[in-house]
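Residue-level structure breakdown
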Amino acid sequence: MAKEPPLYLQLVDQLELKIRQSMSANEKLLSERELIDVYQVSRITVRQALKELETRGLIYKKQGKGTFVSAIREPATDLAAAYSFTEHMKSLGKQPKTQMLAFEETQITSSLAKLFDMEVGTPVYELERLRLADNVPLMFERSFIPMAEFPQLSKSQLEKQPLYDVFAESYGQTIKLAEEEFYASIALDYEAELLHIQKGDPVLHMIRKTYNDKNILIEYTFSIARADHFRYRITHYPTSR
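I will try to describe carefully the structure that is included in this document. These numbers come from a predicted model, not from an experiment.

1. Re the packing of helix α1 (residues 7–22) against helix α3 (residues 43–55)
Where α1 contacts α3, the axes come no closer than 8 Å and their chain directions differ by 55 degrees. When the axes of α1 and α3 are compared, the pair comes out oblique. Note on packing geometry: the crossing formed by α1 with α3 is right-handed. Here Leu7, Tyr8, Leu9, Leu11, Val12, Leu15 and Glu16 of α1 come into contact with α3, specifically with Thr45, Val46, Gln48, Ala49, Glu52 and Leu53.

Following this line, the structure appears as structure tokens:
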């Protein structure tokens, strides 16, 4: 006869099913006391279950506010093999280079405040970078990074190391997930000049949102890439019928 799983794992299964089937991202979970009453278990069982759900990336905690359903529903993964401009260019036998065009401390605007789950006016870093390969400009990026997660981040750090290396080595930040969407567009005056192309030439617009292992958005980047140097390949697998 199979051994029954620990009580806290049974509670994890029940809560995970509820989260996946009937709860929305950022919806507040029942409090510890409410979970104890509803599921008739001990406080230690509830706490063990919540810890496991957090490890699985299903929930996150806000100090003094409670526990909430995560927008990220998959286990933490190592993004070392994920897309990196620097590594990708090296794999193609090209010499990558990054030019820091701007770096400043500013305040988050209303358009980004909701995305970062911050109050309007919260301090953030805003940086602009030009990415080159063999001295040919390929991509322009504008990024926003919360200052609270990266105190005393400096322009010189980012000129010496790739952004994600700084995140990991200087701040101990573990990247859990990066979401990227892209769409076709045409170059306007400013980006055309930076990318050494003609106004109206085709470009790819890309939006990248990077989360740490606490499900906190730590980077929002808007990129414009030369369409004649970038292409995306997507593999689709048939679903069962």
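2. Describing the pattern of salt bridges
Tallied over the entire structure, the rule returns twelve salt bridges. The partner of Arg129 in a salt bridge is Glu141, and the shortest N-O contact between them spans 2.8 Å. A residue pair is termed long-range when its members are at least 10 positions apart, and Arg129 in strand β4 (residues 123–133) and Glu141 in strand β5 (residues 136–146) qualify at twelve residues. You'll find Arg129 and Glu141 in the same group, each marked buried. When salt bridges that share partners are traced, they join Glu32, Arg43 and Arg47 into one network.

3. So, empty space enclosed by the protein
One pass over the full model with this rule turns up one cavity of 30 Å³ or more. Volume-wise, the largest cavity comes out at about 30 Å³. Around the largest cavity, the lining residues are Leu15, Lys18, Leu29, Leu30, Leu35 and Tyr39. Per-class residue counts for the lining of the largest cavity are five nonpolar, no polar and one charged.

4. Here's the deal with unusual backbone geometry
You will see that Gln40, though not glycine, has its phi angle at about 55 degrees, which is positive. Inspection of the secondary structure assignment puts Gln40 in the loop between α2 (32–39) and α3. Residue Asn215 is not a glycine yet carries a positive backbone phi of 65 degrees. Take Asn215: it is sitting in the loop between β7 (202–212) and β8 (217–226). Of the residues examined, Asn215 reaches a relative accessible area of 12% and is grouped as buried.

5. Some words on the sheet that holds strand β6 (residues 175–186)
Within a sheet, each strand pairs with its neighbour through backbone hydrogen bonds, oriented either parallel or antiparallel. Overall, antiparallel pairing links the six strands, which are arranged β3-β4-β5-β8-β7-β6 in an open sheet. Both outer strands of the open sheet, β3 (96–107) and β6, are each paired with one neighbouring strand and no more. Across this sheet, the average inter-strand angle for adjacent strands is 15 degrees, counted without regard to direction. Packed onto the sheet, helix α7 (residues 163–171) meets β4, β5, β6, β7 and β8 and runs at close to 165 degrees relative to β8.

6. Considering the side chain of Thr210
Within the secondary structure, Thr210 sits in strand β7. Among the polar contacts made by the side chain of Thr210, one reaches the side chain of Tyr164 at a distance of 2.9 Å. A polar contact is formed between the side chain of Thr210 and the side chain of Glu219, at a distance of 2.6 Å. With sequence-adjacent residues up to four places away left out, Thr210 is seen in contact with Tyr164, Ile175, Leu177, Ala178, Ile216, Leu217, Ile218 and Glu219.

7. Some details on the packing of aromatic side chains
All told, the structure shown has six aromatic pairs when counted by the stated rule. For the ring pair Phe150 and Phe167, a centre distance of 4.3 Å and an interplane angle of 20 degrees mean the geometry is stacked. Taken together, the residues span a long stretch of sequence, with Phe150 in the loop between β5 and α6 (155–160) and Phe167 in helix α7 at a distance of 17 residues. Comparing Phe150 with Phe167 shows no difference in burial state: the two are buried.

8. Brief notes about the nonpolar core
Membership of the largest hydrophobic core comes to 16 residues, with the highest contact counts inside it found for Leu11, Ile19, Leu29, Val46, Leu50, Leu53 and Ile59. Listed by contribution, the elements that provide at least two residues to this core are α1, α2 and α3. With sequence-adjacent residues up to four places away left out, Leu11 is seen in contact with Tyr39, Val41, Thr45, Val46 and Ala49. Among the nonpolar cores identified, the runner-up in size contains 13 residues, and Met100, Tyr125, Ile145 and Leu163 belong to it.

Reading the values: the criteria
Residues numbered from 1 in each chain as written. Predicted model: local features only at pLDDT ≥ 70, side-chain atom pairs only at ≥ 80, totals over all residues. Heavy atoms only, no water. Axes fitted to C-alpha atoms, helices over the stretch in contact; angles between N-to-C directions. Helix = DSSP H or I, 4+ residues; strand = E, 2+ residues; numbered from the N terminus. Parallel < 35°, antiparallel > 145°, perpendicular 65-115°, else oblique. Left-handed = near helix turned anticlockwise from the far one by under 90°. Contact = heavy atoms within 4.5 Å. Salt bridge = Lys/Arg side-chain N within 4 Å of Asp/Glu carboxyl O. Buried < 20%, exposed > 50% of the residue type's maximum accessible area, 1.4 Å probe, protein only. 1 Å grid on protein atoms, 1.4 Å probe; cavity = no way out; pocket = protein on both sides within 12 Å on 5 of 7 lines; lining within 4 Å. Points joined across faces, edges and corners; volume = space filled by probe spheres on them. Nonpolar A, V, L, I, M, F, W, Y, C, P; charged D, E, K, R; others polar. Pairing = 2+ DSSP bridges. Polar contact = N/O pair within 3.5 Å; in protein donor to acceptor, adjacent residues only side chain to side chain. Phe/Tyr/Trp six-rings, centres within 6.5 Å; stacked < 30°, edge-to-face > 60°. Core = buried A, V, L, I, M, F, W, Y, C linked by side-chain atoms within 4.5 Å.

Keep in mind these numbers describe shape, not what the thing actually does.
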